[in-house]
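Okay, here's what each chain looks like letter by letter:
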Amino acid sequence: MRFDILTIFPPLLESPLQEGIIRRAIQDGKIEIAVHNIRDFAVDRHAMTDDRPFGGGEGMVMKPEPIAAALQHVREQAPGGRVVLLSPQGRPYTQQVALELAAVEHLVLICGRYEGVDERIRDHYVDEEISIGDYILTGGELAALVLVDSITRLLPGVLGCAESAAQDTFSRCLLKNPQYTRPRVFAGHEVPAVLVNGDHEAIAEWRFVAAVQATMTRRPDLLAGVSFSEKEMAALRKKGMLAAIGEIIGHPVAAVSGKAGG
Ligand code: 9D3
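Residues numbered from 1 in each chain as written. Predicted model: local features only at pLDDT ≥ 70, side-chain atom pairs only at ≥ 80, totals over all residues. Heavy atoms only, no water.

1. Some points on helix H9 (residues 241-249)
Test applied: A simple rule labels every residue: compare its accessible area, found with a 1.4 Å probe on the protein chains alone, to the largest value its type can have, and call it buried under 20%, exposed over 50%, or partly exposed in between. Helix and strand labels come from DSSP, where a helix needs a run of H or I of at least four residues and a strand needs a run of E of at least two; each type is numbered from the N terminus. Our arc is simply the arc of the directions from the helix axis toward the C-beta atoms. By the convention used here, residues are in contact when the closest approach between their heavy atoms is within 4.5 Å.
Buried within H9 are the following residues: Met241, Leu242, Ile245, Gly246 and Ile249. Taken down its axis, H9 places every buried residue within 145° of arc, on the same side. In H9, the exposed positions angled more than 90 degrees off the buried face are occupied by Ala243 and Glu247. Structurally, H9 contributes buried residues whose contacts are with helix H7 (200-218), strand S10 (227-228) and helix H8 (230-238).

2. Concerning the sheet that holds strand S2 (residues 32-37)
Filter applied, for reference: The pairing criterion is simple: DSSP has to find at least two bridges between the two strands. To get an axis, fit a line to the C-alpha atoms, keeping to the stretch in contact for a helix; angles then go from 0 to 180 degrees between the N-to-C directions.
Judged by pairing direction, the sheet is parallel, and its five strands sit side by side in the order S2-S1-S6-S5-S7 without closing on themselves. What marks the edges here is a single partner per strand, and that holds for S2 and strand S7 (128-131). In this sheet, neighbouring strand axes are inclined to one another by 30° on average, regardless of whether the strands run parallel or antiparallel. The pairing of strand S5 (residues 82-92) with S7 spans five bridges and is parallel. Each bridged residue has a counterpart across the sheet, and for Leu85 the counterpart in S7 is Glu129. Sheet contacts for helix H3 (residues 64-77): strand S1 (2-7), S2, S5 and strand S6 (106-111); angle to S1, the most-contacted strand, approximately 160°.

3. So, the side chain of Thr7
Rules: Under this definition, polar contacts are N or O atom pairs within 3.5 Å; protein pairs additionally need one hydrogen-donor-capable and one acceptor-capable atom, and for neighbouring residues in sequence, both atoms have to be side-chain atoms.
Mapped onto the elements, Thr7 comes out in strand S1. From its side chain, Thr7 meets the backbone nitrogen of Phe9 in a polar contact 2.8 Å long. Sequence-distant contacts of Thr7, defined by excluding residues within four places in its chain, comprise Leu13, Val35, His36, Asn37, Ile38, Cys111 and Glu141.

4. Considerations on the pattern of salt bridges
Pairing is possible between side chains that carry opposite charge, provided their charged atoms lie close to one another. Rules: Just to be clear on terms, a salt bridge is a Lys or Arg side-chain nitrogen sitting within 4 Å of an Asp or Glu carboxyl oxygen.
Inspection of the entire model under this criterion finds 15 salt bridges. The shortest N-O distance in the salt bridge between Arg82 and Glu100 comes to 3.5 Å. One end of the pair, Arg82, is in strand S5; the other, Glu100, is in helix H4 (residues 95-101), and 18 residues separate them in sequence. Under the relative-accessibility criterion, Arg82 is labelled partly exposed at 26%. In the salt-bridge network here, residues are joined through shared partners; they are Arg82, Arg91, Glu100 and Glu128.

5. Some details on the site of the ligand
So the rule is basically this: By convention in these notes, a residue is near a molecule or strand provided one of its non-hydrogen atoms lies within 4 Å of it. In these tables, accessible area is a Shrake-Rupley quantity obtained with a 1.4 Å probe, and a residue counts as shielded only by the protein chains included in the view. Polarity classes work like this: nonpolar for Ala, Val, Leu, Ile, Met, Phe, Trp, Tyr, Cys and Pro, charged for Asp, Glu, Lys and Arg, and polar for all others, with Gly in that last group.
Around the ligand, the surrounding shell holds 17 residues, and the nearest of these are Tyr114, Ile132, Gly133, Tyr135 and Leu137. The separation between a nitrogen atom of the ligand and a polar main-chain atom of Ile132 is 3.0 Å. In this structure, Tyr135 approaches the ligand through a main-chain N or O atom, which is 2.8 Å from a nitrogen atom. Notes on the ligand: free accessible area 570 Å², of which the protein chains cover 74%. Take the shell around the ligand: its biggest share by element is three residues, from S5. Residue composition of the shell around the ligand, by class: nine nonpolar, seven polar and one charged.

6. Observations regarding the packing of H7 against H8
Inclusion rule: Just so you know how the angles are binned, under 35 degrees is roughly parallel, over 145 roughly antiparallel, 65 to 115 roughly perpendicular, and the rest oblique.
Two numbers describe how H7 lies on H8: the axes approach to 10 Å, and their chain directions differ by 70°. By the angle between their axes, H7 is roughly perpendicular relative to H8. Where H7 approaches H8, its residues Glu201, Glu205, Phe208, Val209 and Val212 are matched on the opposing element by Lys231, Glu232, Ala235, Leu236 and Lys238.

7. Describing the nonpolar core
The condition that has to hold: The definition of a nonpolar core used throughout is a set of buried Ala, Val, Leu, Ile, Met, Phe, Trp, Tyr and Cys residues joined through side-chain atoms within 4.5 Å.
Membership of the largest hydrophobic core comes to 30 residues, with the highest contact counts inside it found for Tyr93, Leu107, Leu109, Leu147 and Ile151. For this core, the secondary structure elements donating two or more residues are S1, helix H2 (20-27), S5, H4, S6 and helix H6 (141-152). The contact partners of Leu109, leaving out residues within four places of it in the chain, are Phe3, Asp4, Ile5, Leu6, Val84, Leu86, Ala144, Leu147 and Val148. One finds Ile67, Leu71, Val108 and Ile121 within the second-largest nonpolar core, a separate group that totals 17 residues.

8. So, the pairing of S6
For clarity, the cut-off: The crossover handedness rule: strands pointing away from the viewer, path from first strand over the helix to second strand clockwise, crossover right-handed.
Judged by how many residues are buried, S6 sits mostly within the fold: six of six residues are covered. Side chains His106, Val108 and Ile110 project from S6 onto one buried face, and the interleaved Leu107, Leu109 and Cys111 project onto a second face that is buried too. Across five bridges, S1 lies against S6 in parallel orientation. Bridge pairing in S6 links Leu6 to Ile110. As judged from the five bridges shared by S5 and S6, these two strands associate in the parallel manner. Across the sheet, residue Leu85 finds its bridge partner in S6, namely Ile110. Once the chain exits S5 it traverses H4 before rejoining the sheet at S6, and the crossover so formed is right-handed.

In structure tokens form, the structure reads like this:
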């Protein structure tokens, strides 16, 4: 998958894209990321990328020509590509949207700044507009990083185990179970015994139950649409959790045949 990112602050994007799973995905050729400085495509001799709004009003607006020229440059390098404008007015970004975008071969991400971009860019160059949440950022750069990060980890072969993203508890609306690493006893605090006794069946059940527990306490709203296999239901019932979830969602938990247990 190819990402082209248009920004007036390329350094904001550099180091986050040079570490960890993203770095490895680039090295392995799973993704390609090109960051383009919109200022390089400015049309006047002062390389201005913003200007005052017609009709007056607060702040500055990003000029259309540099963005259009940067998009033109990207198209010359790689035609096609879905053009996404990161903006507070956009469609809310969710795991569902990440899955949708992970199926696209080429994404072009435009990072807005100031009060926004000239409406004609939105009207004639942008395929969709995305917001990463209801809070105010100083620009679209961090949002672009959120998209690159969440999409990249969904691509085949990017995570260590190819299946690990598909089996993610999050893709079925559960939070992750708590994680532990060595040492087994840290400052007198022990790792749950089940995780170190080598019973893989028991470990799988513990992880599942712990994920549901975390979700019940921290994000009970996520349980609204959840369903469990018979095996999972049995594990929850044993802990008295099935009834508790029923209380939270307002109706008995539904069993689903398709989901593998554990
Ligand atoms: C204080 C300025 N606001 C007037 C009510 C409008 C505004 C313009 C530009 C607010 C934020 C921004 C910059 N933000 C983004 O470009 C952005 C963003 C965000 O702020 N929140 C969540 N997702 C995104 S994606 C891009």
